[in-house]
Structure formats: structure tokens, C-alpha cells
Amino acid sequence: MMPAFIRTLIASFFICFGASLLQAQNLPGNSADIKTADSLFKIKSYNRSAEYYLRSFAQSPATRTNINLLNAAKACTNNQQVDSAFAFLSVIVSRKPRTFYNAIVHEAEFIQLWHDKRWQPLLAQMEKAKKRFNASVPYELESLRKERMRMDLTRIDLARKFGTNSNEYKLYQDTVVAKDAVNALKLKSIIHTYGWPGPEEIDDNGVESLIYLYLKLNFADQKRYYPLISTAFKKGNIDAENYAIITDRISFTDKGIQIYGTRPGDPVINKDSLNYRRLAIGLNPVE
């Protein structure tokens, strides 16, 4: 259960700030306010930056993203609005976004919060969430992958016994499709909650399972989440081989051409520079 102090801070954020700012401001809070707040923060106008963040949050719930809340907390901390800073950080922590914990713990602006009595309970809540993450997510991912692999073996066995045109095979194929749809929902939930976790968070088996399930998504979803793949590769959370396979699948399906040559027989863009591209990401050249 969420600690009482975090519930109180979150309530104060949505009630106090929301009510007061709705009365104080005539202009609607929106993404333009967020951009203004970001710009003001960069020039160290922390007071005005905080005002724009607060106004936008109070009038436009869609702007209360984790990154905006984090930036607002930094602005408020620098402006000595400590209560507001803790309120924003508490909302982030309540959402259990694993990828934001390091930013909270190591952000230089928050050093001045370390001596506040609310800091240690906030850290404790993050540690508790991290332990739940480390224990549950890898297990769920690996369980989904193993079950799906068993279904593939069953499907192959049915094809051998009855043929791919048999009722037995077609009925089981429907079961596989339905299972993929359920797995897709579970995978999206994990991604939306935690981003794309790396091996330090879910170990190598967890990452392998994550990639396996990603490749079972329909193409539209694979393309939608591909930016996460690219970012994960740059961070070292996906190996070069899997990155190249996924990239070539997206490129070939979308444009009919591959980039890294992982699909034998399919067209490759600028084939003369193929090995340079492979070497650039850590793959061996092809003959």
C-alpha cells in the first residue's frame, strides 16, 4: 500500500494546486505552457518556470507526464518550493515508472531535498517498487515466451500429422492467434509501465523474452515501438544482432529493402556499403 505521506502529497497536488490555479489563471494550460516552462527553466527563471508548469498541470491533465512532472519538481526545488517538488515526485513514484528512479535519485537539483524528512520514505517506496519489478516482470516475460514456444511446437506437430489444411491445424492456429493478441496486451502494459528494461533490470533471459514477444506483435505495433528498440540498442540494452534483425524486418516490410543484411536473398540498400553499416553497429562483415 502507498505510504500515507505520499497519498497526502498527491492529494495536495491535485486539489490545492488545481483549485488555486484554475482561479488565478485565465489562459488554458497546454503543451505551449510546458514549452515555455522548459525554456524558462533553461535560463534559470525558476519561479516563472514553476508557475507555467503548475498552470498547465492544473488545467490540462494530459500534460502531467512523468518527464514534465520531473522537470517541474526541479524548477520548484530550485525555487525553494519544496512541498510542490515532493508532490510532483510522489506522483511519479506512485506510477511506478522504473526508468525514472535513477533520474530522481541522481539528479543534482534534488540534493537539497536529501535532508528533508520526506526524502527517505520516497526512496523506500522506489526501492520497494524496484524489488517488485525485478521479481515479477522477468518471470512473467519468460513464462509467456515458454508457453508461446510450446504452442509453436504443437502447431508443427499438428502440421506433420494432419497437414496445414486440416481442421485440426486451422483450429489450433486460431488458438495461437488469440494467444498472441493476449500476449500483445500484456507486453504493451509492461512497456507502457516500465519502458524497455535492460539486462540489469530483468536479466538476459528477460530481455530475450521481451524481444521474442515483440517479434510476435503485428507489424503496426512493431513499427510503433521501434523507437524504443533503437534507444535500447544505443543504451546497450539490446545486442547488435537482434537490433539488426528487428531493423531489417521493419525496413523490409515497410519499404521492401533491408539495411543490415540479416535476410538472405532480400534486397539490401546500398549493398556496397553493407559491411560498413554492419561494422558500425558491432556486427561482423558478410562475404
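Keep in mind the model is a prediction, meaning the values are calculated, not measured.

Participant: Any chance you could explain the overall build of the protein chain here in plain terms?
Facilitator: Secondary structure assignment for the protein chain yields 12 helices and zero strands. Secondary structure elements of the protein chain, listed N to C terminal, follow the sequence α-α-α-α-α-α-α-α-α-α-α-α. Across the 287 residues that make up the protein chain, the buried fraction comes to 45%. If you take every contact in the protein chain between residues at least 6 apart in sequence, the share linking residues at least 24 apart comes to 59%.

Participant: How should the pattern of salt bridges be read in this particular structure?
Facilitator: Pairing between side chains of opposite charge can happen when the charged atoms of each approach one another. The full count for this structure, using the stated rule, is 15 salt bridges. The salt bridge partner of Lys 74 is Glu 107, with a shortest N-O separation of 3.8 Å. Of this pair, Lys 74 sits in helix H4 (residues 66-78) while Glu 107 sits in the loop between helix H6 (101-106) and helix H7 (119-162), and the two are 33 residues apart along the sequence. For Lys 74, a relative accessible area of 13% translates into the label buried. Put simply, Arg 155 and Asp 152 hold a salt bridge, and the shortest N to O gap is 2.6 Å. A residue pair is termed a helical-turn pair when its members lie 3 or 4 positions apart in one helix, as Arg 155 and Asp 152 do in helix H7 at three residues. What makes Asp 152 buried here is its relative accessible area of 17%. A network of salt bridges, in which partner residues are shared, links Arg 148, Asp 152, Arg 155, Asp 180 and Lys 216.

Participant: I would appreciate a short explanation of the confidence of the model for the protein chain in the present structure.
Facilitator: Low pLDDT means the predicted atomic positions in that stretch should not be read closely. Considering every residue of the protein chain, the mean pLDDT works out to 84; 86% of them sit at 70 or more. Least confident of the elements in the protein chain is helix H1 (residues 4-24), whose mean pLDDT is 43; most confident is helix H11 (residues 240-255), at 94. Within the model, pLDDT remains below 50 along residues 5-29, and this stretch shows 49 contacts once partners closer than five positions in the same chain are excluded.

Participant: What is the right way to look at H11 in this model?
Facilitator: Quick reminder: α-helices carry 3.6 residues per turn. Residues three or four places apart thus point the same way. Its 16 residues place the ends of H11 21 Å apart at the C-alpha level, agreeing with the 22 Å of an ideal helix rising 1.5 Å per residue. Of all the residues in H11, the buried ones are Ala 240, Tyr 243, Ala 244, Ile 246, Thr 247, Asp 248, Ile 250 and Ser 251. The backbone nitrogen of Glu 241 lies 3.1 Å from a side-chain oxygen of the residue at the head of H11, namely Asp 239. Gly 256 lies just past H11 and shows a positive phi near 75°.

Participant: Can you help me understand unusual backbone geometry in this one?
Facilitator: A negative phi angle characterises most non-glycine residues, just as the trans form characterises most peptide bonds. Of note in this structure, Lys 44 is not a glycine but carries a positive phi near 65°. Secondary-structure assignment places Lys 44 in the loop between helix H2 (31-42) and helix H3 (46-59). Residue Lys 44 is classed as exposed on the basis of its relative accessible area of 62%. With a phi angle near 65°, Gln 80 is a residue other than glycine that sits in the positive phi range. By relative accessible area, which is 56% here, Gln 80 ends up exposed.

Participant: Quick question: what am I supposed to make of the packing of aromatic side chains here?
Facilitator: Aromatic rings considered in pairs are described by the distance between their centres and by the relative angle of their planes. For the structure shown, the criterion picks out six aromatic pairs. Ring centres 5.9 Å apart and planes at 80° place the aromatic pair Trp 196 and Tyr 214 in the edge-to-face group. Highlighted residues: Trp 196 in the loop between helix H8 (167-194) and helix H9 (199-214) and Tyr 214 in helix H9, separated in sequence by 18 residues. One aromatic cluster is present, built from ring pairs that chain together Tyr 53, Phe 57 and Phe 88.

Participant: Looking at this structure, how should I read helix H5 (residues 82-94)?
Facilitator: With 13 residues, H5 ought to run about 18 Å at 1.5 Å a step, and its terminal C-alpha atoms sit 18 Å apart, in line with that. Most of H5 is tucked away, with 10 of its 13 residues classed as buried. Those residues of H5 not exposed but buried are Ser 84, Ala 85, Phe 86, Ala 87, Phe 88, Leu 89, Ser 90, Val 91, Ile 92 and Val 93.

Participant: Quick question: what am I supposed to make of the nonpolar core here?
Facilitator: A general trend in soluble globular proteins is that nonpolar side chains are found buried together. If you look at the biggest cluster of nonpolar residues, it comprises 33 residues, and the most contacted ones within it are Phe 88, Leu 89, Ile 104 and Trp 119. Residue assignment for this core shows that the elements contributing at least two residues are H2, H3, H4, H5, H6 and H7. The residues touching Trp 119, leaving out its near neighbours within four places in the chain, are Phe 86, Leu 89, Ile 104, Phe 110, Leu 113 and Trp 114. Counting 31 residues, the second largest nonpolar core, distinct from the first, contains Tyr 194, Leu 217, Ile 246 and Ile 281.

Thresholds applied
- Residues numbered from 1 in each chain as written.
- Predicted model: local features only at pLDDT ≥ 70, side-chain atom pairs only at ≥ 80, totals over all residues.
- Heavy atoms only, no water.
- Helix = DSSP H or I, 4+ residues; strand = E, 2+ residues; numbered from the N terminus.
- Buried < 20%, exposed > 50% of the residue type's maximum accessible area, 1.4 Å probe, protein only.
- Contact = heavy atoms within 4.5 Å.
- Salt bridge = Lys/Arg side-chain N within 4 Å of Asp/Glu carboxyl O.
- pLDDT = per-residue confidence, 0-100.
- Expected span 1.5 Å × (residues − 1).
- Polar contact = N/O pair within 3.5 Å; in protein donor to acceptor, adjacent residues only side chain to side chain.
- Phe/Tyr/Trp six-rings, centres within 6.5 Å; stacked < 30°, edge-to-face > 60°.
- Core = buried A, V, L, I, M, F, W, Y, C linked by side-chain atoms within 4.5 Å.

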